[in-house]
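Each chain is listed here by its residues.
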Amino acid sequence: MSITPPDVRSQLAPTSANLNFGQDLVAIPGPSIVPDRVLAAMRQPMPDIYSGDLVDISDEIFAQLPALARTSGQPFVVISNGHGAWQMAISNTLARGDKVLVLESGRFAIVWGEMAALSGVEVEVLPGADNRPVDPGALQARLAEDHNHEIKAVLTVHTDTATSVRNDVPAMRAAIDAADHPALFMVDCIASLGCEPYTMDAWGVDITIAASQKGLMVPPGLAFLWASDKALAAHERSDIRVGYVDWDMRLNAEHHYQLYCGTPPVSHLFGLREALAMIAEEGLEARWDRHSAHAAAVWAAVERWSSEGGIGFNIAEPSNRSTAVTTILTGEIDADELRRRCAGGAGLTLGLGIGELGNRAFRIGHMGYLNPPMLLGTLATIEAALHAMGAPIGGSGVAAAAEVVGAYL
Ligand SMILES: *Cc1c(COP(=O)(O)O)cnc(C)c1O
């Protein structure tokens, strides 16, 4: 019996293999990967919503929420995406005709302002740019001109998920104080909470907003709002009353049913309880550190890829970069095609370029449930697609990222 020697080269490099058979991975900035533990916790029969475990779970969650934002403020849970918490902030604290100052640093504060305008609020945008954080000096100068205190609130994002800039929240607070201005300070932390250092009370924030599907590892469908005493007091003069998100109803709840303004989001609460347990096991500060380390690996890769001048960071200055999401400019390379190759050929979903960045940028979400194999696999898949597209990359970004990760192993 003779054995035919295998054609080794064609076995090593078949030309038409489909490699995309395995666990799909999303590396977009929300919804991020939901841990199996959370998914398993959600898969339970519907409980009694008026008594028993669900009431205890709900109490437990409300008791844990303040620590997540590092505040003693009042937490609220909205059954919605983040936009619902934006609406809750607007309609509970402002009156028709009030002015708000929206700080531009990308996309998301602007959209929040557009929602406020629909509610009858006058919106002024403090102009910014797509590639740098809000300038606290410009904020201070604008507020100092507002002698009659017409501006009732300042709306900003902590991390802008389109540009991947991280704003300096304490510096903004200092700017408001330096102008001696009484405006409410509202911060959207939807992309950053649970990932990046944030201390609501120490930073003098009046309203913090988050959503379940980014760093908090729960599917989309829950939004969170924390209100300071000053924000709660502003409710008395608000006249944009929207029943579903109104604080009177939720704060005077005789029954936990009213906390949610109706039937509790039971499956999401089961999932959230598990996610909060995972966050507690890891520790919030350890989480912040893990995100910094993973971000450093991403930045090392992008730095290496950018050495030929084709690929680049949207945010040049590292201290202004988010550690939860990175926006990468692709120059002559069609970023949409890069994403298509990663998705179709490898099962990896990357974030698209938003607004003017369009198909000249893509985003990597590195938030929430993430370890080195997931991150390095993501970077290596991107690098493979860059190679396939003939992108001018100086060397292996993956090797650079692995060096960063190696320091922790
Ligand atoms: C994702 C995101 C939003 C929008 O959240 P939705 O849940 O889609 O409403 C708003 N702001 C920031 C900073 C975000 O990252």
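For clarity, every value in this text was computed on a predicted model and none was experimentally measured.

Q: Just to check I follow, could you spell out the site of the ligand for this structure?
A: As a matter of local geometry, the ligand sits amid Asn81, Gly82, His83, Trp86, Phe108, Thr159, Thr161, Asp188, Ile190, Ala191, Gln213 and Lys214. Between an oxygen atom of the ligand and a side-chain N or O atom of Thr161, the distance comes to 2.3 Å. For the shell around the ligand, the element with the highest residue contribution is helix 4 (residues 82-93), accounting for 3 residues. Class assignment of the residues belonging to the shell around the ligand gives a composition of 4 nonpolar, 6 polar and 2 charged.

Q: What exactly am I supposed to notice about the packing of aromatic side chains here?
A: In this description, an aromatic ring pair is defined by two values, namely the gap between the centres and the angle between the planes. Enumeration over the complete set of coordinates arrives at 6 aromatic pairs. The interplanar angle of 25° and the centroid separation of 5.6 Å between the aromatic rings of Tyr50 and Tyr257 together place this pair among those described as stacked. On the criterion of sequence distance, the pair formed by Tyr50 in the loop between helix 2 (36-42) and helix 3 (53-68) and Tyr257 in helix 10 (residues 256-259) is long-range, its members being 207 residues apart. Overall, Tyr257 belongs to the partly exposed group, its relative accessible area being 28%. Aromatic pair Trp86 and Trp112: ring centres 5.9 Å apart, planes at 10°, arrangement stacked. Residue Trp86 is located in helix 4, and its partner Trp112 is located in helix 5 (residues 108-118); the two are separated by 26 residues in the primary sequence. Trp112 gets classed as buried once you look at its relative accessible area, which sits at 0%. Note that Arg250 overlies the ring of Tyr244, its terminal NZ or CZ placed 5.3 Å from the centroid. Its end group placed over the ring of Trp299, Arg321 keeps NZ or CZ at 5.1 Å from the ring centre.

Q: Help me understand unusual backbone geometry, please; the structure alone is not making it clear to me.
A: In terms of backbone geometry, most residues other than glycine have negative phi values and most peptide bonds are trans. The amide bond that connects Gly30 to the next residue, Pro31, takes the cis arrangement and shows omega of -5°. Here Pro31 shows up in the loop between strand 1 (25-27) and helix 2. Even without glycine at this site, Arg70 takes up a positive phi of about 55°. In this fold, Arg70 is placed in the loop between helix 3 and strand 2 (74-78). If you check the backbone angles, Ser164 has positive phi at about 65° while not being a glycine. By the secondary structure assignment, Ser164 is in the loop between strand 6 (159-160) and strand 7 (165-166). Judged by relative accessible area, Ser164 falls into the buried class, the value being 3%.

Parameters at a glance
Residues numbered from 1 in each chain as written. Predicted model: local features only at pLDDT ≥ 70, side-chain atom pairs only at ≥ 80, totals over all residues. Heavy atoms only, no water. Near = heavy atom within 4 Å. Polar contact = N/O pair within 3.5 Å; in protein donor to acceptor, adjacent residues only side chain to side chain. Helix = DSSP H or I, 4+ residues; strand = E, 2+ residues; numbered from the N terminus. Nonpolar A, V, L, I, M, F, W, Y, C, P; charged D, E, K, R; others polar. Phe/Tyr/Trp six-rings, centres within 6.5 Å; stacked < 30°, edge-to-face > 60°. Buried < 20%, exposed > 50% of the residue type's maximum accessible area, 1.4 Å probe, protein only. Lys NZ or Arg CZ within 6 Å of the ring centre and 35° of its normal.

The quantities given are spatial measurements derived from coordinates; they are silent on function.
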